[in-house]
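Letter by letter, the chains look like this.
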Amino acid sequence: MVSRPTVAVCLAIVAVLAAGVTPLPVGAATYELSSPDAVDTPDRTVTVSGTDFEVSETARVSKGDPIRLDTTGPSGTSYSVELRDSDRVYRDDAEATGNDRVTFSTSSLAPGTYFAVVFAEGSVQTLYPIVVKKYDVSSVNVPSTADAGASFDVSAQVTQETSGPALDAVEVAITDGSEDIVVQQELSADGSDEYAGTVSVPDEGDYNVYVFARGEDELDGERVFLGLSDPTSLEVEAADDTSDDGGNSGNGGDGGSDGSSSSDDSDSDSETTETPTATPTDTPTATPTDTPTDTPTEMPTDTPTETTGTSDGDTESGSAGGADSTDASTDEPTTEQSTETSAPLGAVPLLLALLLVGGIALRLRR
């Protein structure tokens, strides 16, 4: 049997433990906004009341059409949805409960950029951008594929729907898979409603292309939208180097062709260079062989014939004539013939001297 003091101690311990237990915290209420008129836009940050909100879509409506917003909130909890302009000035509000839909009239709104915020529990809970159009941006013309780093054309039709703030620029923005803008530049007017330009994307991948009509006013450092297009898909492929390689190969081929031509020229020059080398080589070989054969054979034949009934001078002259005929018949013996005939020609002065001496001797005898 448990004593009363023991029971009392147990009760005291339970009381202490119970006092230290706190209820589990309930998750913070979630508020969201969306729209059936939403269009995908590049991710950007909008700041309201010192809080940054990331937005990736925008409600797009024509002036005169209502702004429709679907809200998400705690079941049975009422909260306010406020409409503010680009200067964050309050323009309208609507009450919502739990998951609901609210609408705002655009009849008194000038074209431009607005945003709706959920104000609950004493602070702004979420934000949603809205564009009341002055311009309809359509017929965006972009190639389905492009090469990385290669230029391509972008054009769009920008048609005014209503009066309002002046158009400051029409620009193209290209976002990557994470919806970050990688290319942003202005387009030029090309006709009454046509705007066009040339852009390029440096890296391969899947992209979205947007065309915006912008006004002069700014929202967080960006010019407000007066119109915006639906996104257009663009696939950027790795640059095709085949043509370049082919060109290089072709150039290499040309180089090879030139090299071949140079080789031919070199061979031709080589042949020209070798010809004089071969001639001296062959000539000495042929000359010793032919000279002994031709000289003894031809000279005895010609000499007796021409010396009959002629003087020594005529003989020498005939030898010279024989040398000339030999020159006419062949080039190789010419050198040897002229060499051997030079000996008899050298004896002519000696004969003349002998004749002179003989004449003088005869005179002295007389």
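This text follows the structure it describes.
Note that the structure is predicted; figures quoted are calculated from it, not measured.

**As for a negative patch on the surface**
Right, so step 1: On the surface, Asp 147, Asp 203, Glu 204, Asp 206, Glu 235, Glu 237 and Asp 240 cluster together into a negatively charged patch.
Right, so step 2: Among the secondary structure elements, Glu 237 is positioned in strand E19 (residues 232-237).
Right, so step 3: Overall, Glu 237 belongs to the partly exposed group, its relative accessible area being 36%.

**Observations concerning the sheet that holds strand E3 (residues 51-62)**
Right, so step 1: In space, the 6 strands of this open sheet follow the order E2-E3-E9-E8-E5-E6, with mixed pairing throughout. Across the chains shown, the open sheet's two edge strands, defined by having one partner strand only, are strand E2 (38-48) and strand E6 (90-97). Averaged over all adjacent pairs, the angle separating strand axes in this sheet is 30 degrees, with direction ignored.
Right, so step 2: For E2 and E3, the ladder comprises 8 bridges, and the chain directions are antiparallel. Residue Ala 38 lies in a different strand from E3, and its bridge partner there is Ala 59.

**Comments concerning the sheet that holds strand E7 (residues 100-104)**
Right, so step 1: What the 3 strands build is an open sheet, ordered E1-E4-E7; its pairing is antiparallel. At either end of the open sheet lies a strand with only one pairing partner, and these are strand E1 (32-34) and E7. When strand polarity is set aside, the average angle formed by the axes of neighbouring strands in this sheet is 30 degrees.
Right, so step 2: Strand direction decides the pairing type here: strand E4 (residues 67-72) and E7, joined by 5 bridges, are antiparallel. Within E7, the position partnered with Asp 70 by the bridge is Arg 101.

**Quick word on unusual backbone geometry**
Right, so step 1: A positive phi angle, close to 65 degrees, is found at Arg 88, a residue other than glycine.
Right, so step 2: Within the chain, Asp 220 stands out as a residue other than glycine whose phi angle is a positive 55 degrees.
Right, so step 3: Counting through the fold element by element, Asp 220 comes out in the loop between strand E17 (205-219) and strand E18 (222-228).
Right, so step 4: The class for Asp 220 is partly exposed, based on a relative accessible area of 36%.

What counts and what doesn't
- Residues numbered from 1 in each chain as written.
- Predicted model: local features only at pLDDT ≥ 70, side-chain atom pairs only at ≥ 80, totals over all residues.
- Heavy atoms only, no water.
- Patch = residues over 30% accessible without salt bridge, like charges linked within 9 Å, V, L, I, M, F, W, Y side chains within 5 Å.
- Areas by Shrake-Rupley, 256 points an atom, 1.4 Å probe, with all protein chains shown as cover.
- Salt bridge = Lys/Arg side-chain N within 4 Å of Asp/Glu carboxyl O.
- Lys, Arg positive; Asp, Glu negative; His and termini not counted.
- Charge placed at Lys NZ, Arg CZ, Asp CG, Glu CD.
- Helix = DSSP H or I, 4+ residues; strand = E, 2+ residues; numbered from the N terminus.
- Buried < 20%, exposed > 50% of the residue type's maximum accessible area, 1.4 Å probe, protein only.
- Pairing = 2+ DSSP bridges.
- Axes fitted to C-alpha atoms, helices over the stretch in contact; angles between N-to-C directions.

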